Amino acid sequence: MKENGKVKNIFLSGVGGQGTILASNILAEVFLKAGYDVKKSEVHGMAQRGGDVTTHFRFGKKVYSPLIKYGDVDYLISFEMLEAARYINWVKPEGKIIINKQEILPPTVSLGQMEYPKDIEKMFKKYFKDNVWIVNGQEIARKLGNIQAANVVLVGAFSNFFPEFKEEQWTDAIKKLLTAKLHELNIKAFHEGRKALQG
Amino acid sequence: MKKILQGNEAIARGAWEAGVTVGCAYPGTPSSEIMAELSKYKEIYTEWSPNEKVAVEVAHGASLAGGRAIACMKHVGLNVAADPLMTIAYTGVKGGFVIVVADDPGQHSSQNEQDSRHWTRFGKVPMLEPADSEECKNFTKIAFEMSERFDTPVLLRSETRVSHCDSTLKLGERKESTVQRGLDQKETPKLVMVPMYARVRRVAVEERIVKLAAYADTEFPYNSMEINDPSIGFISSGVSYLYTKEVFPRYSFLKLGMVWPLPRNMIAEFFKKVKKVIVVEELDPFFETEIKAMGYKVWHGKDLIPAIGELSPSIVEQSLTKAVEGKSYKAPKVRIKPEDLPRRPPNLCAGCSHRPLFYALKKLGLYVFGDIGCYALSVAPPLSAMHASTCMGAGVGGAYGAGKVLGKEGLGKICAVLGDSTFLHSGIGPLMDTVYNKGYSTTLILDNRITAMTGQQEHPGTGYTIQSGPATMIDYEQLARAVGVKHVKKVDPYKVKETMEVIREEVNRDDASVIITENSPCILLRRAKPLEKFKNPFYGVDNDKCRGCKVCLEINCPAISWQEGEGQTKDGHKRKGTGFINKDQCVGCEVCAQICKFEAIVPGTK
């Protein structure tokens, strides 16, 4: 455990069905094993049917609130461009941001009533400079044979922020949480994501 | 070794460690995972009950036979189970009996935002409220002990941010209860609540509350006082305590693990030890009202903290910073206004059988009395095909009642729609009424073979138990005929035209009728192989034919979107854009192809 156990906040956002819950479960497994207190909160049920979904993830020596304070996010991991933009105000000025380069159209855009916001990447770079990484998770996952693994690609990218954790700590968590037949695909997805930020 | 568990999993674990023998529930967000999790422990009998009232009654029977029992539900479920609860409060229990009620402040997945803490005072039974997973487990265990010791059902109140929050805890071992199994006929005066016996028990209930209040003050280990900076003291409970502790850690706290009865002496002591008291609680001013009634001066409470919606550390900070710290709350920088972004409400899945059905109802211009389930999403534009919805089963009675006012004028204009699980939950009674009292409304049972919205739970119509064992399967047609419905039809909702014809005929009939969907399993229900019936894996738009009429957009399919761009069809029709189908999302249900007037939606090629 580093940084005197000061609580850090990770905010995950995406669209129902993109696998944010699995991603946050992998994080929980890794941080818990590393000796941190962990709390995470997410909403299930109706909201999951293609609506916007979020997970609050907090770790440190002792965590009280399961929810992050507005404006207190250290790391934003977004699985969809618009769902990143929706939470831009939550991120601390020095926060780090990983966004999956995918656009899923909400109904008002599908119907042609509103425009999908352009320049989301530009806007993030304006405020967060070099602390923004856009990862083409879906394409990476598609090449590996299953677009569903885009969530684990993002986890791989995020893993770079914690050099103190060994690669096995992440892949062990993936193995523990997924059935055996999904191990190979998702471990590959993790590695590709990890490389995506380095290259 | 510490484990991380979701609050609901921790409640299940606590029940298991407490030696529970029977668990009953009707699923409902955010409570559903408790019973799903408990069903994995082999020593315990668990079930999905048809509704919450049944769950409480079955669990009470188990308790009377000497077993520890638990019944779980969401907040509105306790309304359904209120009838047995209010009298079980009189009869008491034998084996420990815990009723879990999970609130949904903020209405993430619910039709109302009721504060279940009111049941504890109203029902004269104690209520505990955990804040995190460790407490979920510990409070569940002590709830069973309290239940046996004080001969009372015990309410355990959770909520979305407790039930669906994962946090760390230490696991314990299972310990069987020492209560003797068996039924005793000599206990009749205590258990048969006819007036002459119930009047006696009425007194016992009040005596019990006095004893419980003393216990809350002296023995209950989870009411706790933390005296730090005494200039301000917070009284709080559950997750509201965690938010307040997060924002104002240096002040003093009285954390209430028991919602009611309240520890009067402890509260008196707290008021002596701190200078000013702020009560922080979600939803209604329950503690605040009680504490004021004891004669204390509450410095702040609901005058500053919102009573509507869920709390959060941000809301606690915004509401109280000025009062506590004497300086204004400084909001973080606004980089964009979220209200300028397109909203993303939930939607029916691509390929869902509810979509063509509601499209048919809309085209027929029907006033739809709806129900609680995924299909309530049909209210969203552009489908906009639901016009009234209150609670489970209500649509059936509603449609029938409206017909009683409109008479012949209403024929052909009204129908009731509900799901398979909700029909079994509480739709049979009003259907009986429709037939018995000569209504003419049509009830559509959308049979998708599962309790879908809450996450795929079994029910008496699926043919499986909670542990996936075989079970008797309700035959909806026979059931409808048994209550006297003469006109029962089945439709395949994926055949839009045929479905519309059947509905048109039945809603115009001056007699009660039932339409059951078939071949329409939930698209997420893997065992029903929902995709196999679709001829093509996905569809695409033929730009030679698409005239840009936007009919395909009316069904609000997540796979279909509008692509702007002037152009024309092969035969020269000018257009302002075309429909577009995202093949990653399309599952090939073909509904859009059926409603396209220009045969512009065609099987896709890779």
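Each value, and the rule that gives it
- Residues numbered from 1 in each chain as written.
- Chains lettered and ligands numbered in written order.
- Predicted model: local features only at pLDDT ≥ 70, side-chain atom pairs only at ≥ 80, totals over all residues.
- Helix = DSSP H or I, 4+ residues; strand = E, 2+ residues; numbered from the N terminus.
- Rg over C-alpha atoms; globule rule 2.2 N^0.38 Å.
- Buried ≥ 20, exposed ≤ 12 C-beta atoms within 10 Å, placed from the backbone.
- Contact = placed C-beta atoms within 7 Å.
- Pairing = 2+ DSSP bridges.
- Axes fitted to C-alpha atoms, helices over the stretch in contact; angles between N-to-C directions.
- Core = buried A, V, L, I, M, F, W, Y, C linked by C-beta atoms within 7 Å.
- Domains from an automatic or database assignment.
- Nonpolar A, V, L, I, M, F, W, Y, C, P; charged D, E, K, R; others polar.
- Left-handed = near helix turned anticlockwise from the far one by under 90°.
- Expected span 1.5 Å × (residues − 1).
- Right-handed = clockwise from strand over helix to strand, strands pointing away.
- Arc of directions from axis to C-beta.
- Parallel < 35°, antiparallel > 145°, perpendicular 65-115°, else oblique.

1. Comments concerning the overall build of chain A
Turning to step 1, where the next piece is worked out: The helix and strand inventory of chain A stands at 8 helices and 6 strands.
Turning to step 2, where the next piece is worked out: Scanning chain A from its N terminus toward the C terminus, one meets helices and strands in the order β-α-β-β-β-α-β-α-α-β-α-α-α-α.
Turning to step 3, where the next piece is worked out: Taking 16 Å as the expected radius of gyration for a compact globule of 199 residues, we find that chain A reaches 16 Å, a close match to that expectation.
Turning to step 4, where the next piece is worked out: Along the first, second and third principal axes, the C-alpha atoms of chain A reach 50 × 40 × 35 Å.
Turning to step 5, where the next piece is worked out: The buried share among the 199 residues of chain A stands at 54%.
Turning to step 6, where the next piece is worked out: Long-range pairs, those at least 24 residues apart, make up 66% of the contacts in chain A between residues at least 6 apart in sequence.

2. Examining the overall build of chain B
Turning to step 1, where the next piece is worked out: The helix and strand tally for chain B stands at 21 helices and 22 strands.
Turning to step 2, where the next piece is worked out: Overall, chain B is about 85 × 65 × 55 Å in size when its C-alpha atoms are taken along their principal axes.
Turning to step 3, where the next piece is worked out: By the burial criterion, 53% of the 606 residues in chain B qualify as buried.
Turning to step 4, where the next piece is worked out: The long-range share in chain B, meaning contacts at least 24 apart out of those at least 6 apart in sequence, stands at 74%.

3. Describing the sheet that holds strand E3 (residues 52–60) of chain A
Turning to step 1, where the next piece is worked out: Spatial strand order, E6(A)-E5(A)-E4(A)-E1(A)-E3(A)-E2(A)-E8(B)-E1(B): 8 strands in an open sheet with mixed pairing. With partners counted over all chains shown, the strands left at the sheet margins are strand E6 (132–135) of chain A together with strand E1 (2–6) of chain B, one partner each. Across the sheet, the mean angle from the axis of one strand to that of its neighbour is 20°, orientation sign disregarded.
Turning to step 2, where the next piece is worked out: Note: strand E1 (residues 8–15) of chain A against strand E4 (residues 73–78) of chain A, 4 bridges, orientation parallel.

4. Observations concerning the sheet that holds strand E2 (residues 22–25) of chain B
All names here are of chain B.
Turning to step 1, where the next piece is worked out: With respect to topology, 7 strands assemble into an open sheet ordered E3-E2-E4-E5-E7-E6-E12, the strand pairing being mixed. Unpaired on one side and paired on the other, strand E3 (45–48) and strand E12 (258–260) mark the two borders of the sheet.
Turning to step 2, where the next piece is worked out: As paired strands, strand E4 (residues 69–74) and strand E5 (residues 97–103) are joined by 6 bridges and run parallel to one another. Bridge pairing in E5 links Met73 to Val101.

5. Here's the deal with the nonpolar core
Turning to step 1, where the next piece is worked out: One finds Val153 and Leu154 of chain A together with Ala25, Ala59, Ala71 and Val100 of chain B to be the most contacted residues of the largest nonpolar core, which totals 156 residues.
Turning to step 2, where the next piece is worked out: Here this core gathers at least three residues from each of two domains, domain 1 (2–218) and domain 2 (224–325) of chain B.
Turning to step 3, where the next piece is worked out: Tyr359, Cys415, Tyr476 and Val485 of chain B belong to the second-largest nonpolar core, a separate cluster that totals 72 residues.

6. Considering the interface of chain B and chain A
Turning to step 1, where the next piece is worked out: Across the boundary between the two partners, chain B contributes 49 residues, which contact 44 residues of chain A.
Turning to step 2, where the next piece is worked out: Sorting the residues of the side of chain B that touches chain A by element identifies helix H8 (160–163), strand E8 (165–170), helix H11 (238–247), helix H14 (313–325) and strand E20 (560–568) of chain B as the ones contributing at least two each.
Turning to step 3, where the next piece is worked out: It is H11 of chain B that provides the largest number of residues to the side of chain B that touches chain A, a total of 5 residues.
Turning to step 4, where the next piece is worked out: A per-class count over the side of chain B that touches chain A returns 25 nonpolar, 14 polar and 10 charged.
Turning to step 5, where the next piece is worked out: By the bridge criterion, 3 bridges tie strand E2 (residues 37–42) of chain A to E8 of chain B in an arrangement that is antiparallel. In the sheet register, Ser41 of chain A faces E8 of chain B, and the bridge partner there is Cys165 of chain B.

7. Remarks on the packing of helix H5 (residues 137–144) of chain A against helix H6 (residues 150–159) of chain A
Residue and element names in this part refer to chain A.
Turning to step 1, where the next piece is worked out: For the pair H5 and H6, the least separation of the axes is 8 Å and the interaxial angle reads 115°. Remark: the crossing between H5 and H6 carries right-handed chirality. Of the residues in H6, those touching H5 at Gly137, Gln138, Ile140 and Ala141 are Ala150, Val153 and Leu154.

8. A few points about the domain arrangement of chain B
Residue and element names in this part refer to chain B.
Turning to step 1, where the next piece is worked out: Each assigned domain of chain B is listed with its residue range as follows: domain 1 (2–218), domain 2 (224–325), domain 3 (354–528) and domain 4 (539–603).
Turning to step 2, where the next piece is worked out: When each unit is reduced to the centre of its C-alpha atoms, the spacing between domain 1 and domain 2 is 26 Å.
Turning to step 3, where the next piece is worked out: Listed by partner, the interface residues are 24 residues for domain 1 and 21 residues for domain 2.
Turning to step 4, where the next piece is worked out: In terms of residues, the side of domain 1 that touches domain 2 owes the most to one element, helix H10 (residues 195–218), which gives 5 residues.
Turning to step 5, where the next piece is worked out: For the side of domain 1 that touches domain 2, the residue count by class is 12 nonpolar, 2 polar and 10 charged.

9. Here's the deal with the environment of Lys141 of chain B
Residue and element names in this part refer to chain B.
Turning to step 1, where the next piece is worked out: Relative to the elements of secondary structure, Lys141 occurs in helix H7 (residues 133–150).
Turning to step 2, where the next piece is worked out: For Lys141, a count of 22 C-beta atoms within 10 Å translates into the label buried.
Turning to step 3, where the next piece is worked out: As for Lys141 and Val98, which are separated by 43 residues in sequence, their C-alpha atoms are 9.5 Å apart.
Turning to step 4, where the next piece is worked out: When neighbours within four sequence positions are excluded, Lys141 is seen to be in contact with Gly14, Glu17 and Ala18.

10. So, the pairing of E3 of chain A
Residue and element names in this part refer to chain A.
Turning to step 1, where the next piece is worked out: Extensive coverage of E3 is indicated by the burial of 8 of its 9 residues.
Turning to step 2, where the next piece is worked out: With 8 bridges connecting them, E1 and E3 associate as antiparallel partners. Bridge assignment links Ile10 to a residue of E3, and that residue is Phe57.
Turning to step 3, where the next piece is worked out: Sheet topology places E2 next to E3; 6 bridges connect them, and they run antiparallel. From the neighbouring strand, Val38 faces E3, where its bridge partner is Phe59.

11. Things to note about helix H1 (residues 20–33) of chain A
Residues and elements named next belong to chain A.
Turning to step 1, where the next piece is worked out: Over its 14 residues, H1 runs 20 Å from end to end, which matches the ideal 20 Å to within 8%, given 1.5 Å per residue.
Turning to step 2, where the next piece is worked out: When you tally the buried positions in H1, you get 11 out of 14 residues, the bulk of the element.
Turning to step 3, where the next piece is worked out: Thr20, Ala23, Ser24, Asn25, Ile26, Leu27, Ala28, Glu29, Val30, Phe31 and Leu32 are the residues of H1 that are buried.
Turning to step 4, where the next piece is worked out: The positive-phi residue at the C-terminal boundary of H1 is Gly35, with phi of around 100°.

12. Regarding the pairing of E3 of chain B
Residue and element names in this part refer to chain B.
Turning to step 1, where the next piece is worked out: Alignment of E2 against E3, held across 4 bridges, turns out to be parallel. Looking at the pairing, Ala25 lines up with Trp48 of E3.
Turning to step 2, where the next piece is worked out: Note on the crossover from E2 through helix H2 (residues 33–38) to E3: the handedness is right-handed.

13. Concerning H5 of chain A
All names here are of chain A.
Turning to step 1, where the next piece is worked out: Listing the buried residues of H5 in full gives Gly137, Gln138, Ile140 and Ala141. Projection of H5 onto a plane perpendicular to its axis shows the buried side chains occupying an angular sector of 160°, all on one side.
Turning to step 2, where the next piece is worked out: Buried residues along H5 sit in contact with strand E5 (91–100), E6, H6 and helix H8 (183–198).
Turning to step 3, where the next piece is worked out: The positive-phi residue at the C-terminal boundary of H5 is Gly145, with phi of around 110°.

14. A few points about the packing of helix H16 (residues 394–406) of chain B against helix H18 (residues 428–436) of chain B
Helix packing for two helices is described by the angle between their axes and how far apart those axes are.
Residues and elements named next belong to chain B.
Turning to step 1, where the next piece is worked out: Contact pair H16 / H18: the axes reach a minimum separation of 7 Å and the direction vectors enclose 20°. In terms of axis orientation, H16 runs roughly parallel to H18. Remark: the crossing between H16 and H18 carries left-handed chirality. Two secondary-structure elements touch here, H16 through Val396, Gly397 and Tyr400 and H18 through Pro430, Leu431, Asp433 and Thr434.

15. Describing unusual backbone geometry
Residue and element names in this part refer to chain B.
Turning to step 1, where the next piece is worked out: Here the amide bond leading from Thr29 into Pro30 is cis, since omega sits at 10°, within 30 degrees of zero.
Turning to step 2, where the next piece is worked out: When you line up the elements, Pro30 lands in the loop between E2 and H2.
Turning to step 3, where the next piece is worked out: Across the junction of Pro381 and Pro382, the peptide omega takes the value 5°, indicating a cis bond.
Turning to step 4, where the next piece is worked out: Within the element layout of this structure, Pro382 appears in the loop between strand E14 (367–369) and H16.
Turning to step 5, where the next piece is worked out: Despite not being glycine, Lys438 shows a phi value in the positive range, around 60°.
Turning to step 6, where the next piece is worked out: By the secondary structure assignment, Lys438 is in the loop between H18 and strand E16 (442–446).
Turning to step 7, where the next piece is worked out: Taking the C-beta count within 10 Å as the criterion, Lys438 has 12 such neighbours and is therefore assigned exposed.
Turning to step 8, where the next piece is worked out: The backbone phi angle of Glu599 is positive, close to 50°, even though this residue is not glycine.
Turning to step 9, where the next piece is worked out: Inspection of the secondary structure puts Glu599 in the loop between helix H21 (591–595) and strand E22 (601–603).

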